[in-house]
Amino acid sequence: MPQLIATRNDTDKQVHIQWSDQIHLDDGDVTIDVAFSAINYKDALALCNQAPILRRFPMVPGIDLAGTISASNHPAWPVGQAVVIAGRGIGERRSGGYTSQSRQPVDILTPLPANLTLYQAMTIGTAGITAALCVQAIQAHVPHPSTLPVLVTGASGGVGVHAVALLSRLGYPVTAVTGRPSMHDLLQRIGAQSVIGRDQIAGERALESERWAAVVDTVGGDVAAAAIRSTAYAGVVAMCGNAGGNQLPLNVFPFILRGVHIAGIDSVNAPQATIDAAWMFAAQHYDHARLAPCWSTIPLDEVQATAAALLAGQRYGRCIVAL
């Protein structure tokens, strides 16, 4: 029964990923036979020593998992129950999904929604739940589609493709932003009305013309700032990523002159009830046929190479890890 174990060299502080046939289990209420995990941007950073994602050692990386309970000490979570975990601190503060077996506490479990398979749940995963939380935040402020589109930045990533598909399915016109021209046709097939480059949302004025009814921002930095300056009156910008930088070069005008709202999106520390509701929302609006071209599947022994390719911009969408 294989798993990946992360250790750290106390001398050079580098993280080392090792293949192990001996299962390392944390304390917890249930043992899960893991069927699938996934590679998220955060996982790639951890696997490639690009950010201090892993908080203790040794531990198993992987912030997503889907599987079936094989042993339980809790009466509400019986053996045979299919469960999913997306984020919730696994693969960061406690061992995660890159293993054939995992032990977890019940307070971070979500029952597998009835209309999803375990594989489909991982095509959603942290990226899809984050996108669902973003779309729910948009619906709270912009409950009905308008003539202005919703902007999705970083649209070729896992969160981005889910956000494009969800918004389109709910009737919102979507403009997708990507730095990859090769992704234009695919993004339009999954629901984007138009696809533009990052340079097409740039601007130097303190307040730009109103272009977007709302924004899903997965990038941060200059891209996020430009999107905020172009958001329409009373619109909302759901912010969930910092791949383009963690600074926000901005003034107060979008907020005090246009009433633009900022919604910070977090899938790690949000209340479990919020995450469970996001899973139900994502499952209700999930369109496997439309999104299938955005998924790829790899075995566990290809995780590290695939993570490096993701950070190099050579992969798109969601990459599922079959255990």
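This text goes with the structure placed above it.
Read on for a plain summary of the structure. (Residues numbered from 1 in each chain as written. Predicted model: local features only at pLDDT ≥ 70, side-chain atom pairs only at ≥ 80, totals over all residues. Heavy atoms only, no water.)

1. Regarding the nonpolar core
I129, I138, L167, L187 and W279 are the most contacted members of the largest nonpolar core, which has 60 residues in total. With 13 residues, the single largest contributor to this core is helix α2 (residues 118-141). In this structure W279 touches V84, A86, T110, P113, L116, A121, I124, G125 and I129, once residues within four positions along its chain are discounted. The next biggest cluster of nonpolar side chains, apart from the first, holds 22 residues, and it includes A6, L45, Y98 and C319. (Core = buried A, V, L, I, M, F, W, Y, C linked by side-chain atoms within 4.5 Å. Buried < 20%, exposed > 50% of the residue type's maximum accessible area, 1.4 Å probe, protein only. Helix = DSSP H or I, 4+ residues; strand = E, 2+ residues; numbered from the N terminus. Contact = heavy atoms within 4.5 Å.)

2. With respect to the sheet that holds strand β12 (residues 231-239)
Spatial ordering of the open sheet is given by β10-β9-β8-β11-β12-β13, a layout of six strands whose pairing is parallel. Edge positions in the open sheet fall to β10 (194-196) and β13 (261-264), since each of these has one partner strand only. Neighbour-to-neighbour, the strand axes of the sheet open up by a mean angle of 20 degrees, direction not taken into account. Note that strand β8 (residues 150-152) and strand β9 (residues 174-177) share three bridges and pair parallel. Looking across to β9, one finds that V152 is bridged to A176. Contacting β8, β11 (212-217), β12 and β13, α2 runs over the sheet at an angle of about 160 degrees to β12. (Pairing = 2+ DSSP bridges. Axes fitted to C-alpha atoms, helices over the stretch in contact; angles between N-to-C directions.)

3. Notes on the pairing of strand β15 (residues 318-322)
Among the five residues in β15, four count as buried, and that is most of the element. Bridge analysis of strand β3 (residues 30-39) against β15 gives four bridges, and the strand direction is antiparallel. Paired with I39 across the two strands is C319, which belongs to β15. Here five bridges tie strand β14 (residues 295-299) to β15, and the two strands are oriented parallel to one another. What sits directly across from P299, in β15, is A322. Assessed by its sense of winding, the connection that carries the chain from β14 through helix α9 (residues 303-311) to β15 is right-handed. (Right-handed = clockwise from strand over helix to strand, strands pointing away.)

4. Looking at the layout of surface pockets
There is about 1200 Å³ of room inside the largest pocket. Looking at the lining of the largest pocket residue by residue, the classes come out as 18 nonpolar, 20 polar and seven charged. (1 Å grid on protein atoms, 1.4 Å probe; cavity = no way out; pocket = protein on both sides within 12 Å on 5 of 7 lines; lining within 4 Å. Points joined across faces, edges and corners; volume = space filled by probe spheres on them. Nonpolar A, V, L, I, M, F, W, Y, C, P; charged D, E, K, R; others polar.)

5. Points about the pattern of salt bridges
Inspection of every chain in the model, using the stated rule, returns seven salt bridges. We note a salt bridge from D26 to R56, for which the minimum N-O separation is 2.6 Å. Remark: R56 occurs in the loop between α1 (41-47) and β4 (64-72) and D26 occurs in the loop between β2 (15-20) and β3; sequence separation between them is 30 residues. When its relative accessible area of 7% is taken as the criterion, D26 is described as buried. A salt bridge links E210 to R258, with the nearest nitrogen and oxygen atoms 3.7 Å apart. Of this pair, E210 sits in the loop between β10 and β11 while R258 sits in the loop between α6 (253-256) and β13; the two residues are 48 residues apart in sequence, bridging distant segments of the chain. (Salt bridge = Lys/Arg side-chain N within 4 Å of Asp/Glu carboxyl O.)

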